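Here is what each chain is made of, one letter per residue.
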Amino acid sequence: MLSFELGNESTMMNSTLKTQNSKLIALVAVFVGLATLYSAIVPLGEGPDEPGHAAYVFFLAREGRLPDQRRDEVPGEGHQPPLAYGLAAPLLAWLPREQRSFDLPGNPRFTWAGGAELNAVAHGSREYWPWRGAVLAWHVLRLVSVGLGAATVMLTYLAANALHHRLQIANGRFDPERSTIDTRQSKIPLLAAVLVAFNPQFLFVSALVTNDALLTALSAVLLWLVLQPARQARRPSGVLGHALLIGVVLGLALLTKQSALILVPVALLAVLERSIAAERARSPQHVVALLVCLAATLLVCGWWYQRNLRLYGDLFGLTLFQAEFATQAFDARSLAAWGSALEQLHSSFWARFGWMNVPAPAWVIGLFGLIELVAAAGWLRSMLPVGQPGRGMAGRVALAWPLLLLPLLAGAWLVSFALTAGLVAWQGRLLFPALPALAIVLALGLQLAAGKRVGMIAWLVPTAGCLLAIWLPFGVIGPAYPRQTLAEATALARLGTPIYARFGMPGDPGAELLGWQLAQPLRAGTAAELTLMWYARGRQGRDWTVFVHLVDANDVVVAEDNTKPRGGAFPMTQWVAGDWVEDRHTLVLRANLPPGAYRLRVGLFDERTQDRTAVFSRRGRLLGSHYLLSTLQVE
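In every chain, residue numbers begin from 1 and rise along the written sequence. Local features in this predicted model are restricted to residues of pLDDT 70 or higher, and side-chain atom pairs are both shown and tallied only at a pLDDT of 80 or more, whereas totals for entire chains, interfaces and linings draw on every residue. Side-chain measures were taken over the full set of non-hydrogen atoms in the model, leaving aside hydrogen atoms and water.

1. Points about the pairing of strand β7 (residues 527-536)
Next, step 1: Only protein chains enter the area calculation, which uses a 1.4 Å probe; residues under 20% of their type maximum are buried, those over 50% are exposed, and those in between are partly exposed. Each helix corresponds to a stretch of at least 4 residues labelled H or I by DSSP, and each strand to a stretch of at least 2 residues labelled E; elements are numbered beginning at the N terminus. Taking burial as the measure, the 10 residues of β7 include seven buried ones, the bulk of the element.
Next, step 2: Strands were regarded as paired on the criterion that DSSP finds at least two bridges between them. Where strand β6 (residues 511-518) lies against β7, seven bridges are found, and the strand directions are antiparallel. Bridge pairing in β7 links Trp516 to Leu532.
Next, step 3: Note: β7 against strand β10 (residues 580-588), nine bridges, orientation antiparallel. Bridge pairing in β10 links Ala528 to Leu587.

In structure tokens, the structure reads:
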């Protein structure tokens, strides 16, 4: 009878584990789909420092060596450790070497905070589907972050599961005869993974070319290793092997981003904890374990910091970076400044996109704030002596010390960064090395708050999170970046009257005028809309202004329009080769304009110097300083 009951219980546990694994696999698959969707919708370069991160990868793939900050070879990001970029660079091997670069004009009117321009860089016709060349390569690089984000989701689940095992062993619920732990009642691992997978900001970061994705994944690996129970049935973990693993992961993290320094105390404390918990441990073993961990760390990443010391005179290569890095200062003496900074930090931890300038609606942040409040209420309920005293709470918190220490260290790093670098530091993504730990803390709080109704929470949070994550790219991110160019097929279909004229200074690739059309006939006393179709042959040297003149038989201008392309929304210095630009101009004809034949001509000029571009035919013959579109009748 006892044998039957044990077998039946084992079957139930196996079935439960299969169900949990199936849910985890489904969650990871949904995350990959969502992150890929974000990577397709977010315009290239429209994430914090993404142009610099992508430039680092392109540089490694093109030059086959590390950048030298003294030559400013990778502006803004050349000081970063190289692991994330080195892992991604081989994905560009299919590109011809001359294409392993990306000409991405910046938007001179963009400011990091408080500006009216949302796009930090220019977006042209090449970003339309189907992607080709370097644009396709950039999207491929983004998929690396998608994969690392999926790994973080899985590792968060494993870390939460390890914590559950750890607590079960401490509570004496471990059966050494069967080497199993009852996990059927715990919703925490899957709920923690859900809170990571459906965090819109994490989805956004996982859709960019960035080193944040790798650091977050490595932090999740470390958390999983740290939370592993020190004694599991008949398979005691080797202290030195554990120390070696932690050292390698720590070294990889320090080779990814300098903020990985926050992981050092967690790693060393975990090694010390494991060596103390081991049977028949002696003090010398503690020292040996720590030395093994540190040696492994230095073996992995020491060469990079030694290189920095040799080239730049400091371990982190920050001297040159700080010399060119400027941002708005943070006034630590102002309570208002702290309030604004913490609000920005909180909202950008959940949903603040672009370069921190595309916020989600307030109700979105309110939903996540509600989750935080419910979780906090759960923790408070478990600590207060209401009904049942919170027996053993101090012990459980001690066992889960990494979940508390990691966020504290991440917060301390962020504050120190803000005091030295300014307002740019208050970004929620900088807390993401602690994201798995924070997700587990929230999941624990939600389960404590829900009690027997935890099943409802376990259903409601994933459903709402998934629906919200699907809506945000279409409802918030995409509409923030209106298109200023056309796809080639669309442009050709809307060409109007085909013509050819190339405008540019001698030696410049210039821009071609390939078509035009009037919306209505010319009538005295009315306005007529002229549409021009431009095609960029390359980068333009100046922000030219378009002039459209209607002149009479005596060359007198009777109607004109002098405006920049697209009303100044897309200056010509942001055009790159292959851009198709539909440009509209309005001609207002006075009421007493005599009927008859008038000539319509177009040109480009510099508002500052009044210089005009030259105009060339298809064969390169100089046509003058303007182009005659047509002779039209005014009714």
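2. Some words on the pattern of salt bridges
Next, step 1: Salt bridges are counted wherever a side-chain nitrogen of Lys or Arg sits within 4 Å of a carboxyl oxygen of Asp or Glu. According to the stated counting rule, one finds 23 salt bridges in the structure shown.
Next, step 2: The shortest N-O distance in the salt bridge between Arg71 and Glu73 comes to 3.6 Å.
Next, step 3: On the accessibility criterion, Arg71 (57% relative accessible area) is exposed.
Next, step 4: Glu273 is the partner of Arg166 in a salt bridge, and the nearest nitrogen-oxygen pair spans 2.5 Å. You can see Arg166 sitting in helix α4 (residues 133-170) and its partner Glu273 sitting in helix α9 (residues 263-277), a full 107 residues away along the chain.
Next, step 5: Connected through shared salt-bridge partners, Arg65, Asp68, Arg70, Arg71 and Glu73 make up one network.

3. Topic: α9
Side chains of residues three or four places apart in an α-helix project in the same direction, reflecting 3.6 residues per turn.
Next, step 1: Working rule for helices: expected span equals 1.5 Å times residues minus one. Its 15 residues place the ends of α9 21 Å apart at the C-alpha level, agreeing with the 21 Å of an ideal helix rising 1.5 Å per residue.
Next, step 2: Restricting attention to buried positions, one finds in α9 the residues Leu263, Val266, Ala267, Ala270, Val271, Arg274 and Ser275. Seen end-on, α9 carries its buried residues on one side only, within an arc spanning 160°. In this context, the arc is that of the directions from the helix axis out to the C-beta atoms.

4. Considering the sheet that holds strand β8 (residues 545-551)
Next, step 1: The four strands are arranged β9-β8-β11-β14 in an open sheet whose pairing can be described as antiparallel. A strand with exactly one partner marks an edge of an open sheet, and here the two such strands are β9 (557-563) and β14 (627-634). The average angle at which neighbouring strand axes cross in this sheet is 20°, direction not considered.
Next, step 2: In terms of strand pairing, β8 meets strand β11 (residues 596-605) through seven bridges, oriented antiparallel. The residue of β11 that forms the bridge with Val551 is Arg599. Each axis is a line fitted through C-alpha atoms, and for a helix only the stretch in contact is used; angles between axes span 0 to 180 degrees, taken between their N-to-C directions.

5. Notes on the sheet that holds strand β12 (residues 614-616)
Next, step 1: If you walk across this open sheet you meet the six strands as β10-β7-β6-β5-β12-β13, and the pairing is antiparallel. Among the strands making up the open sheet, the edge pair consists of β10 and β13 (622-624). Mean inter-strand twist for the sheet, computed between neighbouring axes without regard to direction, equals 35°.
Next, step 2: When strand β5 (residues 497-504) meets β12, the two strands line up antiparallel, connected through three bridges. Counterpart to Gly504 in the pairing with β12 is Ala614.

6. So, unusual backbone geometry
Next, step 1: With an omega dihedral of 5°, the bond running from Trp129 to Pro130 counts as a cis peptide bond.
Next, step 2: Within the secondary structure layout, Pro130 lies in the loop between α3 (83-88) and α4.
Next, step 3: Phi at Asp49 is positive, roughly 65°, even though this residue is not glycine.
Next, step 4: Along the polypeptide, Asp49 turns up in the loop between α1 (2-41) and α2 (50-63).
Next, step 5: Despite not being glycine, Asp72 has its phi angle at roughly 55°, a positive value.
Next, step 6: Counting through the fold element by element, Asp72 comes out in the loop between α2 and α3.
Next, step 7: The class of Asp72 is partly exposed, set by a relative accessible area of 39%.

7. Some details on helix α7 (residues 212-227)
Next, step 1: In a regular helix each residue adds 1.5 Å, so 16 residues correspond to 22 Å; α7 covers 22 Å between its end C-alpha atoms and thus fits that length.
Next, step 2: The buried count for α7 comes to 15 of 16 residues, which makes it a mostly enclosed element.

8. Points about the nonpolar core
Next, step 1: Judged by nonpolar contacts, the single largest core of 144 residues is most densely connected at Phe58, Val153, Ile246, Leu263, Phe353, Leu403 and Ile440.
Next, step 2: Contacts were defined at the residue level, with two residues in contact if any of their heavy atoms lie within 4.5 Å. Excluding its chain neighbours within four sequence positions, the residues that come into contact with Leu263 are Leu215, Ser219, Leu222, Leu250, Ala253 and Leu406.
Next, step 3: Core analysis: the second largest hydrophobic core is formed by 35 residues, Ala528, Ala536, Val546 and Val581 among them. Put simply, a nonpolar core is a bunch of buried Ala, Val, Leu, Ile, Met, Phe, Trp, Tyr and Cys residues held in one set by side-chain atoms that sit within 4.5 Å of each other.

9. Let's talk about the packing of helix α8 (residues 239-254) against α9
Next, step 1: At a minimum axis distance of 9 Å, the contact between α8 and α9 shows a crossing angle of 175°. By the angle between their directions, the pair α8 and α9 is classed as roughly antiparallel. Mapping the contact onto sequence places Val239, His242, Ala243, Ile246, Leu250, Ala253 and Leu254 in α8 and Leu263, Val264, Ala267, Ala270, Val271, Arg274 and Ser275 in α9.
Next, step 2: Looking at the contact of α8 with α9 residue by residue, the class counts come to 11 nonpolar, two polar and one charged. Orientation is classified from the angle alone, with under 35 degrees giving roughly parallel, over 145 giving roughly antiparallel, 65 to 115 giving roughly perpendicular, and any other angle giving oblique. Amino acids outside the nonpolar list (Ala, Val, Leu, Ile, Met, Phe, Trp, Tyr, Cys, Pro) and the charged list (Asp, Glu, Lys, Arg) are all regarded as polar, and Gly is one of them.

10. A look at the confidence of the model for the protein
Next, step 1: pLDDT measures how confident the predictor is about each residue, on a scale from 0 to 100. Model confidence for the protein is summarised by a mean pLDDT of 88, while 89% of its residues fall at 70 or above.
Next, step 2: Below pLDDT 50 for its whole length, residues 1-13 participates in eight contacts with residues either more than four positions away or in separate chains.
Next, step 3: Counting interchain partners and residues more than four positions distant, the pLDDT-below-50 stretch residues 174-184 has 30 contacts.

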